[in-house]
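Architecture and fold: a report
Listed here are the chains, written in short residue letters.
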Amino acid sequence: MTAFPFFIDLKGKKCIVVGGGKVASRKVEILSRFNGDIVIISPEISHKIKLLKDSGRLVHISRCYESSDISGAFMIIAATSDTLVNENIYKDAVNLGIFVNVADDPKKCTFFFPSIVKRNDLVIGISTSGSYPALSKQIRKKIDSIINNNINEDIMSILKESREKVINEIEDDHVKAEILDKVLEETVFTDSQIDIEHFKIRMNDILQKYK
Ligand SMILES: C[C@@]1(CC(=O)O)C2=NC(=C\c3[nH]c(c(CCC(=O)O)c3CC(=O)O)Cc3[nH]c(c(CC(=O)O)c3CCC(=O)O)/C=C3\N/C(=C\2)[C@@H](CCC(=O)O)[C@]3(C)CC(=O)O)/[C@H]1CCC(=O)O
Ligand SMILES: NC(=O)c1ccc[n+]([C@@H]2O[C@H](COP(=O)([O-])OP(=O)(O)OC[C@H]3O[C@@H](n4cnc5c(N)ncnc54)[C@H](O)[C@@H]3O)[C@@H](O)[C@H]2O)c1
């Protein structure tokens, strides 16, 4: 299976993670960065998961998985150390048409977790579709280091605002595209570090010029 990158809104969607070990912790940490409604089912949980639980980011059901647990789930992750339990979770999910990820068996995944580079709304997902996860990780590290500081959380939020301005204030589609590219050229893709105030002034200058 070659995975299609399906960028979706997880807010308000029930994401069940079964298991509370190393792998479950990594999956939970990712889901929490994307505001999923996380439910953990596991008799034991890691320190990392406990911290997320204490800060109200997830609900913990402290026992082994039961088939009825899956009801209402958008997705379920089988990350236990018990292959048989993982397999049962897979069957339950497939029966109900729920997205399922079985951590110890790519053939039993209807979706994969990618390696992720994230800066605010900019999300880069990398996957080898199960062929070589360590390659995804290495590429993620390389991309992370080449996306320089000019694409940070603040800049992404200002870029979004600026685009809205351009879309609302400029009618001609060609001019719109030209301005949007010019903004990037003079901010994100310059070698120099951008100062936020300078960016805002530059943005206004560019807009005025085209009005
Ligand atoms: C990308 C990432 C996302 C994440 O999990 O966060 C992710 N695995 C990561 C790392 C990693 N995983 C493993 C190693 C050790 C080296 C090795 O074994 O290769 C390393 C490297 C390391 O840890 O250094 C072991 C492993 N992984 C899978 C199996 C089962 C199997 O293959 O049978 C086994 C053997 C288990 C065992 O030994 O029993 C299966 C899957 N792992 C996936 C995702 C999905 C495919 C995505 C893709 O192909 O790109 C898929 C199919 C299902 C899924 O989990 O969604 C994350 C990097 C995050 C980052 O960027 O840091
Ligand atoms: N996909 C990946 O990226 C990846 C990477 C490494 C390992 N794995 C696989 O993922 C699985 C989990 O690995 P780990 O290192 O997190 O294991 P772990 O031993 O650290 O954690 C297993 C967890 O499962 C819980 N558990 C056991 N039986 C359960 C049940 N019936 N119901 C609910 N919870 C139960 C345990 O309490 C424990 O918290 C293994 O099968 C491993 O081969 C996957």
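Quick summary incoming for the structure in this document. Computed from a predicted structure; not experimentally measured.

1. Re a nonpolar patch on the surface
A cluster of nonpolar side chains, F4, F6, I8 and F99, forms an exposed patch at the surface whose accessible area comes to about 450 Å². Note on placement: I8 falls in the segment before β1 (14–18).

2. Section: the site of ligand 2
Within the structure, ligand 2 sits among 20 residues, and G20, K22, V23, R26 and A103 are positioned closest to it. Contacts to ligand 2 include G21, whose backbone N or O atom sits 3.3 Å from an oxygen atom. Note that an oxygen atom of ligand 2 is positioned 2.7 Å from one of the side-chain N or O atoms of R26. A total of 860 Å² of accessible area belongs to ligand 2 in isolation, and the protein chains cover 68% of it. For the shell around ligand 2, the element with the highest residue contribution is helix α1 (residues 22–33), accounting for 4 residues. Classifying every residue of the shell around ligand 2 gives 9 nonpolar, 6 polar and 5 charged.

3. Side note on helix α5 (residues 153–169)
Between its terminal C-alpha atoms α5 stretches 25 Å, which fits the 24 Å expected from 17 residues at 1.5 Å a residue. What α5 keeps buried is the set I155, M156, I158, L159, S162 and V166. One face of α5 carries all of its buried residues, which in axial projection span an arc of 160 degrees. α5 presents E161 and N168 as exposed residues on the side facing more than 90 degrees away from its buried surface. Its buried side turned inward, α5 meets β6 (115–119), β7 (122–126), α6 (173–186) and α7 (196–210). Two or three places before D154, at the opening of α5, N152 has a side-chain oxygen 3.1 Å from that residue's backbone nitrogen.

4. A look at the pattern of salt bridges
If you walk through the whole model with that rule in mind, you get 13 salt bridges. We note a salt bridge from D69 to R63, for which the minimum N-O separation is 2.8 Å. Take D69: its relative accessible area is 11%, and that puts it in the buried class.

5. Structural notes on the packing of aromatic side chains
Enumeration according to the criterion identifies 3 aromatic pairs in this entry. Measuring from centroid to centroid gives 6.3 Å for F99 and F111, while their planes differ by 85 degrees, and the two rings are edge-to-face. Of this pair, F99 sits in strand β5 (residues 99–102) while F111 sits in the loop between β5 and β6, and the two are 12 residues apart along the sequence. For F99, a relative accessible area of 32% puts it in the partly exposed group. Through pairs of rings, three or more aromatic residues link up here, namely F74, F99, F111 and F113. It is K13 that lies over the ring of F74; its NZ or CZ is 5.5 Å from the centre. Geometry around F34 places K118 over its ring, the cationic atom sitting 5.5 Å from the centre.

6. Focus: the site of ligand 1
The local shell around ligand 1 holds 20 residues, among which K27, S115, T128, S136 and R140 are the closest. Here an oxygen atom of ligand 1 and a backbone polar atom of F113 are 2.8 Å apart. Between T128 and ligand 1, the recorded distance is 2.5 Å, taken from a side-chain N or O atom to an oxygen atom. Going through the elements one at a time, α1 and α4 (133–146) are the ones with two or more residues in the shell around ligand 1. Looking at the shell around ligand 1, the element that brings in the most residues is α4, giving 4 residues.

Scoring rules and cut-offs
- Within any chain, residue numbers begin from 1 and follow the written order of that chain's sequence.
- As they are written, the chains are lettered A onward and the ligands numbered 1 onward, keeping that order.
- Whole-chain, interface and lining totals are the exception, using all residues; otherwise, since this is a predicted model, local features are given only for residues with pLDDT of at least 70 and side-chain atom pairs are given and counted only at 80 or more.
- The side-chain numbers reported here are obtained from all heavy atoms of the structure, hydrogens and water having been left aside.
- Each patch is built from residues lacking any salt bridge and having more than 30% relative accessible area; the joining distance is 9 Å for like charges and 5 Å for nonpolar side chains (Val, Leu, Ile, Met, Phe, Trp, Tyr).
- Per-residue accessibility takes into account occlusion by the displayed protein chains alone, with areas from the Shrake-Rupley method and a 1.4 Å probe.
- Think of a salt bridge as a Lys or Arg side-chain nitrogen and an Asp or Glu carboxyl oxygen that are within 4 Å of each other.
- Under the DSSP-based scheme used, a helix requires at least four consecutive residues in state H or I and a strand at least two consecutive residues in state E, with every element numbered from the N terminus.
- Throughout, near means a residue has at least one heavy atom within 4 Å of the molecule or strand.
- For the purposes of these results, a polar contact is taken to be a pair of N or O atoms within 3.5 Å, where, inside protein, one atom must be able to donate a hydrogen and its partner to accept one; residues adjacent in sequence count only when each atom of the pair is a side-chain atom.
- Residue type decides the class: Asp, Glu, Lys and Arg count as charged, Ala, Val, Leu, Ile, Met, Phe, Trp, Tyr, Cys and Pro as nonpolar, and the leftover types, Gly among them, as polar.
- The span expected for a helix works out to 1.5 Å for each residue beyond the first.
- In this scheme, a residue with accessible area under 20% of its type's maximum is buried, one over 50% is exposed, and one in between is partly exposed, where area comes from a 1.4 Å probe on protein chains only.
- In this context, the arc is that of the directions from the helix axis out to the C-beta atoms.
- Working rule for contacts: check all heavy atoms of both residues, and any pair within 4.5 Å makes them a contact.
- Pairs were defined over the aromatic rings of Phe, Tyr and Trp, the Trp ring being its six-membered one, requiring ring centres within 6.5 Å. Orientation was assigned from the angle between planes: stacked under 30 degrees, edge-to-face over 60, tilted for the rest.
- Comment: the charge-over-ring label is applied if NZ (Lys) or CZ (Arg) is within 6 Å of the ring centre and within 35 degrees of the ring normal.

No statement about biological role is implied by the geometric values presented.
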